[in-house]
Amino acid sequence: NAGVTQTPKFQVLKTGQSMTLQCAQDMNHEYMSWYRQDPGMGLRLIHYSVGAGITDQGEVPNGYNVSRSTTEDFPLRLLSAAPSQTSVYFCASSYGGRANGQFFGPGTRLTVL
Amino acid sequence: LAKTTQPISMDSYEGQEVNITCSHNNIATNDYITWYQQFPSQGPRFIIQGYKTKVTNEVASLFIPADRKSSTLSLPRVSLSDTAVYYCLVGRNGNNNDMRFGAGTRLTVKP
């Protein structure tokens, strides 16, 4: 199993550009989530999904969109990138919910100029 | 929202046992306690989870007193490779905006 995979590993955007961060898992987990981690801080939840077709907002959803058309994939879209979105983004999945212990991807380091 | 409090940093030496305590005074009846480990430039890794008393796996032990208002992650005989940030989370499924990551405890293991 590949576990949780994320692409790209690194990305540089200009202010106002849009892009999609990809996340996929091959463990048949219902629950998937996106976090951002700023320097020296813990992870903050952006959006999550409890299954295909169902998404909801986390702590810091503004400026991000998600969709969940399949169990495996959970892309995160930045609509109009801003310097405040410079961060490391982690995708995670788990069976049944966040309290069951999550598997995290390797992260995407995003810089917005 | 079950807030957690952990020490910001801890130092240890190779071969010692390390205990990291997390306070969660307003833990709810159905909340579980979960610990993660994060190395630089990597995503967090699940270490251990418990509800009450003691849980042990091949990596660590988790001690939870009867009142569940705190928990202690115990790492036996640490090595340099255990240098990482350790996060304590408290929450339950169905309350998905709970279980927030705090700043964690930065453990530095010295030779």
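Structure: above.
Quick caveat: nothing in here was measured; it's all calculated off a predicted structure.

The rules behind each value
- Residues numbered from 1 in each chain as written.
- Chains lettered and ligands numbered in written order.
- Predicted model: local features only at pLDDT ≥ 70, side-chain atom pairs only at ≥ 80, totals over all residues.
- Heavy atoms only, no water.
- Phe/Tyr/Trp six-rings, centres within 6.5 Å; stacked < 30°, edge-to-face > 60°.
- Helix = DSSP H or I, 4+ residues; strand = E, 2+ residues; numbered from the N terminus.
- Lys NZ or Arg CZ within 6 Å of the ring centre and 35° of its normal.
- 1 Å grid on protein atoms, 1.4 Å probe; cavity = no way out; pocket = protein on both sides within 12 Å on 5 of 7 lines; lining within 4 Å.
- Points joined across faces, edges and corners; volume = space filled by probe spheres on them.
- Nonpolar A, V, L, I, M, F, W, Y, C, P; charged D, E, K, R; others polar.

(A) Region of interest: the packing of aromatic side chains. Taken as a whole and judged by the stated rule, the model has ten aromatic pairs over all chains. Their ring planes at 85 degrees and their centres at 6.1 Å tell us that Phe104 of chain A and Phe101 of chain B sit as a pair that is edge-to-face. Of this pair, Phe104 of chain A sits in strand 10 (residues 103-104) while Phe101 of chain B sits in the loop between strand 8 (84-91) and strand 9 (105-110), which puts the two residues in different chains. Here a set of aromatic residues connected by ring pairs shows up, and it is made of Tyr35 and Phe104 of chain A together with Tyr36, Phe46, Tyr87 and Phe101 of chain B. For Arg68 of chain A, the ring lying beneath its charged end belongs to Phe74 of chain A, and the centroid distance is 5.9 Å. Geometry around Tyr51 of chain B places Arg68 of chain B over its ring, the cationic atom sitting 4.0 Å from the centre.

(B) Representation of the layout of surface pockets within the structure. In this model, the largest pocket occupies a volume close to 600 Å³. In terms of lining residues, the largest pocket is bounded by 32 residues, among which Gln37 and Arg109 of chain A together with Gln38, Pro40 and Ser41 of chain B are the most central. Secondary structure elements with two or more residues in the lining of the largest pocket: strand 9 (87-94) and strand 11 (108-112) of chain A together with strand 8 and strand 9 of chain B. Take the lining of the largest pocket: its biggest share by element is four residues, from strand 11 of chain A. Residue composition of the lining of the largest pocket, by class: 14 nonpolar, 14 polar and four charged. The volume enclosed by the second largest pocket comes to roughly 210 Å³.

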